[in-house]
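Listed below, chain by chain, are the residues.
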Amino acid sequence: MVTDDMFERLVAESEDLIHYHIHKLNIRDRNGDFYAEGLFALWNAYRTYDPEAGTLKSYMHWKVRNALIDRIRKDSRIYEQEEGIAERIVQEGRDHWEDEITDEHLWNQVKANLTPNQWKWVYHYIIMDRSISQIARLEKVTQDAVKNWGRHARKKLKELGTTM
């Protein structure tokens, strides 16, 4: 039977093992989630250890490393799903929760002084608060093209600001 004292001793002796695998897998464990995952794997290794299969130390290494890799995979899948949802929201145009443009006269003046692509940058980047990569996907161009639109639009807006 496994007791709390026995496991506490095991943790004290094997804590470096968890940190070793976290470091070896290049994991940034800001919240301690991966460390907790390693502790749980250590507990499972201790409970399910079969002395005939090999040493406890090598079994613990295997269980902790694989538990951390499984957690990385799970987190990656969740991140990819969230990114996919966010991209669909942007493509469907449902990413705008703020009020519509209130000063249409101002924006019409700005639009009149810009090229169509420069206006696209102003509209998406400034008004709709989208990222360069989102604009590039929406307009089906490269990110460099969007950056170029922005560079020229900012230059033109500065010139307009001094003449107004």
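Basis of the calculations
- Residues numbered from 1 in each chain as written.
- Predicted model: local features only at pLDDT ≥ 70, side-chain atom pairs only at ≥ 80, totals over all residues.
- Heavy atoms only, no water.
- Helix = DSSP H or I, 4+ residues; strand = E, 2+ residues; numbered from the N terminus.
- Rg over C-alpha atoms; globule rule 2.2 N^0.38 Å.
- Buried < 20%, exposed > 50% of the residue type's maximum accessible area, 1.4 Å probe, protein only.
- Salt bridge = Lys/Arg side-chain N within 4 Å of Asp/Glu carboxyl O.
- Core = buried A, V, L, I, M, F, W, Y, C linked by side-chain atoms within 4.5 Å.
- Contact = heavy atoms within 4.5 Å.
- Phe/Tyr/Trp six-rings, centres within 6.5 Å; stacked < 30°, edge-to-face > 60°.

Counting its regular elements, the protein chain contains seven helices and zero strands. The order of helices and strands in the protein chain, counted from the N terminus, is α-α-α-α-α-α-α. Rg of the C-alpha trace for the protein chain: 27 Å, well past the compact-globule value of 15 Å for 164 residues, more than 25% over. Principal-axis analysis of the C-alpha atoms gives the protein chain an extent of 80 × 30 × 25 Å. The proportion of buried residues among the 164 residues of the protein chain is 26%.

What follows concerns the pattern of salt bridges. For the structure shown, the criterion picks out six salt bridges. Of the charged contacts in the structure, one is a salt bridge between Lys120 and Glu139, with a shortest N-O distance of 3.3 Å. Placement of the pair is Lys120 in helix α5 (residues 116-127) and Glu139 in helix α6 (residues 132-139), with a sequence separation of 19 residues. Looking at Glu139, the relative accessible area reads 24%, which means it is partly exposed. One connected set of salt bridges, linked through shared partners, spans Asp33, Glu37, Arg71 and Asp75.

Moving on, we come to the nonpolar core. Of all hydrophobic cores here, the largest spans 17 residues; its most connected members are Ile18, Ile22, Leu42 and Val64. When residues of this core are traced back to their parent elements, those giving at least two are α1 (4-24), α2 (33-48) and α3 (56-91). Filtering out sequence-adjacent residues up to four positions away, Ile22 remains in contact with Ile27, Asp29, Phe34, Tyr35 and Leu68.

Phi is positive for Asn26, close to 55°, though the residue is something other than glycine. In this fold, Asn26 is placed in the loop between α1 and α2. A relative accessible area of 69% places Asn26 in the exposed class. One non-glycine residue, Lys140, lies in the positive phi region at around 60°. With respect to the secondary-structure elements, Lys140 resides in the loop between α6 and α7 (143-163). Its relative accessible area of 73% is what places Lys140 among the exposed residues.

What α5 keeps buried is the set Gln118, Trp119, Trp121, Val122, His124 and Ile127. Asp129 sits one or two residues past α5 and shows a positive phi near 60°.

Turning our eyes to something else, we now look at the packing of aromatic side chains. Here the structure, examined in full by the defined rule, presents five aromatic pairs. Judged by centre distance (6.2 Å) and plane angle (40°), the ring pair of Tyr49 and Tyr59 falls under tilted. Placement of Tyr49 in the loop between α2 and α3 and of Tyr59 in helix α3 is noted, with a sequence separation of ten residues between them. Its relative accessible area of 26% is what places Tyr49 among the partly exposed residues.

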